[in-house]
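Descriptive structure summary
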Amino acid sequence: MSLKNFLVGVRDGVNSGEFRVIVDRIKKAGETKTKKMKLDQWLTPKTVEGYVEEDFTYLTKEQRLKLTSNVDNFRKIAASVRIDSPATPEKVAEAREPLREIYQMVQPYLDRQYLGVRGAIEQLFAAGAFPDFVRRFDLEVGNDHTGDPAVWIWLIVDDSADNSSVFDAILQAEQTIADRLSELGIDRLVYGSVRTVSEQKERLDGIFE
Amino acid sequence: MNPQHLLEQAERLAKTGKGRPRQTDLRRAVSSAYYAIFHLLTQECSRRLTIQASIRPIIARAFDHGQMKQACSVFANKQLPENLKSIVPSILSSSDLQLVAKAFVKLQESRHRADYDTRSNRGFTRHDADAEIRRARVAFETWERIRNEDAAGLFLLALLFHGRWGR
């Protein structure tokens, strides 16, 4: 669930008050301990923990590189903040920018139902609900062209999988996912598509034209 | 406009060229696959509504894509109004009709993606386009099998009158 950790970290980080830093020093048994209070918890590498560039396949290659650059930048700044003293206003301002950019770039993943939908599909995947030639999946959550709540799922399948079996897998996945989401009280149309592993690699490399 | 020809056009476009296919070909293929099923259903409904061939194109123009999608969603999920269920009880057990309705909803969304969503991450691959065309092909074959059933007739009317049943 590294993606979940990352998304929750970014969301909570951005929503943590006014990005202020409060440090509460506790004197105890002759040593100085520093306890970070809620409002400064965002200024730590933990906020972007779990980031994996490949999770953000809906972004173009250039956008993914920019996202990674922002994450690296944020980590670097956060790591330079001493835990035994408050972050300087300069550090806070410096860290704020990449975190805000990260937040804006991952907006589609922050749909309030995204993590629930993703979790449900991951459970189906782990339970063997999809054929073996389905290696993994890509997911988007949003509204379709008429405004209906929707889920788009791309099954990433072996290059050797035959077209007929792949088509059956799409239909089956659409129904299975729709049923499961319905059980969870999530009413969304499910649109299934497919890419082979090679096609997905080409897409991630930005070779669609 | 022959729906079958549109479907064949989709199949031709998806197979065009060697190596990596062009997005333009794949997107046009998916769009054609949708319009194949769109014209299949609207022409069938028009034929049933009048024997006057000159009026049929006018009726066909009365169909609304969004309304047809809403009607198909209702049939796909078997969430029909009670008054319709009682008229044609077999409608509830028709998985074939459900398949056609689902195909229409899915193809319309794919057609919108193909024609308007130019983000590179929403591009089509050959396998993706093949699957959509196969979806349309299966819907054609299924429709041919059920087109004379009462439930199919009601379905066609719903494509035009959905939203006004309850008045």
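Residues numbered from 1 in each chain as written. Chains lettered and ligands numbered in written order. Predicted model: local features only at pLDDT ≥ 70, side-chain atom pairs only at ≥ 80, totals over all residues.

**Looking at the overall build of chain B**
In terms of helices and strands, chain B carries eight helices and zero strands. Counted from the first residue to the last, chain B has its helices and strands arranged as α-α-α-α-α-α-α-α. With respect to the principal axes defined by its C-alpha atoms, chain B has extents near 55 × 35 × 30 Å. Each of the 167 residues in chain B was classed as buried or not, and the buried ones make up 41%. (Helix = DSSP H or I, 4+ residues; strand = E, 2+ residues; numbered from the N terminus. Buried ≥ 20, exposed ≤ 12 C-beta atoms within 10 Å, placed from the backbone.)

**Structural notes on the interface of chain B and chain A**
Contacts between the two partners involve 16 residues from chain B, matched on the other side by 21 residues from chain A. Going through the elements one at a time, α4 (65–76), α6 (95–116) and α7 (126–146) of chain B are the ones with two or more residues in the side of chain B that touches chain A. The element contributing the most residues to the side of chain B that touches chain A is α7(B), with five residues. When its residues are assigned to classes, the side of chain B that touches chain A shows two nonpolar, eight polar and six charged. (Contact = placed C-beta atoms within 7 Å. Nonpolar A, V, L, I, M, F, W, Y, C, P; charged D, E, K, R; others polar.)

**Some words on the environment of W143(B)**
Residue and element names in this part refer to chain B. Assignment of secondary structure puts W143 in helix α7. Among the residues examined, W143 registers 21 C-beta atoms within 10 Å and is labelled buried. With 103 residues separating them in the primary sequence, W143 and L40 have C-alpha atoms 9.2 Å apart. Beyond its immediate sequence surroundings of up to four residues, W143 is in contact with L40 and V100.

**Some details on helix α1 (residues 3–14) of chain B**
Turn by turn, an α-helix covers 3.6 residues, leaving residues three or four places apart pointing in a common direction. Residues and elements named next belong to chain B. The end-to-end C-alpha distance of α1 is 17 Å, a good match for the 16 Å that 12 residues give at a rise of 1.5 Å each. Listing the buried residues of α1 in full gives P3, L6, L7, A10, L13 and A14. All buried residues of α1 fall inside an arc of 125° around its axis, so they share one side. More than 90 degrees from the buried face of α1, the exposed residues found are Q4, H5 and R12. (Expected span 1.5 Å × (residues − 1). Arc of directions from axis to C-beta.)

**A word on the nonpolar core**
One broad trend across soluble globular proteins is that nonpolar side chains are buried collectively. One finds I153(A), L155(A), A10(B), A33(B), I37(B) and A136(B) to be the most contacted residues of the largest nonpolar core, which totals 90 residues. Ranked by residue count, the leading element in this core is helix α2 (residues 23–49) of chain B, at 12 residues. The two domains that each donate at least three residues to this core are domain 1 (2–108) and domain 2 (114–204) of chain A. The contacts of I37(B), once residues within four sequence positions are left out, are A103(B), F104(B), L107(B), A136(B) and A139(B). (Core = buried A, V, L, I, M, F, W, Y, C linked by C-beta atoms within 7 Å. Domains from an automatic or database assignment.)

**Regarding the domain arrangement of chain A**
Interface size is commonly expressed as the accessible surface area that is lost when the partners come together. All names here are of chain A. Considered domain by domain, chain A is made up of domain 1 (2–108) and domain 2 (114–204). Across the contact, six residues belong to domain 1 and five residues belong to domain 2. Among the residues making up the side of domain 1 that touches domain 2, the classes are represented as three nonpolar, one polar and two charged.

**Here we look at the sheet that holds strand β3 (residues 134–143) of chain A**
Residues and elements named next belong to chain A. Within the open sheet, the three strands sit side by side as β3-β4-β5. Their pairing is mixed. Of all the strands in the sheet, just β3 and β5 (189–196) have a single pairing partner and so form its edges. This sheet shows a mean twist of 20° between the axes of neighbouring strands, independent of strand direction. Sheet analysis places β3 next to strand β4 (residues 149–157), joined by nine bridges and oriented antiparallel. The residue of β4 that forms the bridge with L139 is I153. Contacts from helix α6 (residues 197–204) reach β3, β4 and β5, with the element oriented near 95° to β5. (Pairing = 2+ DSSP bridges. Axes fitted to C-alpha atoms, helices over the stretch in contact; angles between N-to-C directions.)

**Remarks on the confidence of the model for chain A**
Residues and elements named next belong to chain A. For chain A, mean pLDDT is 83; residues scoring 70 or higher make up 86% of the total. Confidence drops under pLDDT 50 across residues 18–30; counting only partners more than four residues distant or on other chains, this segment forms 27 contacts. Confidence drops under pLDDT 50 across residues 32–39; counting only partners more than four residues distant or on other chains, this segment forms 22 contacts. (pLDDT = per-residue confidence, 0-100.)

**With respect to the packing of helix α4 (residues 114–126) of chain A against helix α5 (residues 163–183) of chain A**
Residues and elements named next belong to chain A. With their axes 10 Å apart at the nearest point, α4 and α5 run at an angle of 125° to one another. Between α4 and α5, the angle is such that the two are oblique. With respect to the hand of their crossing, α4 and α5 are arranged in right-handed fashion. Note on element contacts: α5 touches α4 through T176, I177, R180 and L181, opposite V117, A120, I121 and L124. Here the contact of α4 with α5 is composed, by residue class, of six nonpolar, one polar and one charged. (Parallel < 35°, antiparallel > 145°, perpendicular 65-115°, else oblique. Left-handed = near helix turned anticlockwise from the far one by under 90°.)

**Some details on the pairing of β5(A)**
All names here are of chain A. Judged by how many residues are buried, β5 sits mostly within the fold: seven of eight residues are covered. Taken together, the eight bridges between β4 and β5 define a ladder with parallel strand orientation. Bridged to V157 within β5 is T196. As for the winding sense of the linkage, the β-α-β connection from β4 through α5 to β5 is right-handed. (Right-handed = clockwise from strand over helix to strand, strands pointing away.)

**Observations regarding the packing of α4(B) against helix α8 (residues 150–161) of chain B**
Residues and elements named next belong to chain B. Packing of α4 against α8 brings their axes to within 7 Å, and their N-to-C directions diverge by 140°. With respect to α8, the element α4 is oriented oblique. At the point where α4 passes α8, the crossing takes the right-handed sense. Packed against α4, whose contacting residues are M68, A71 and F75, the element α8 presents F155, A158 and L159 at the interface. Tallied by class, the residues present in the contact of α4 with α8 amount to six nonpolar, no polar and no charged.

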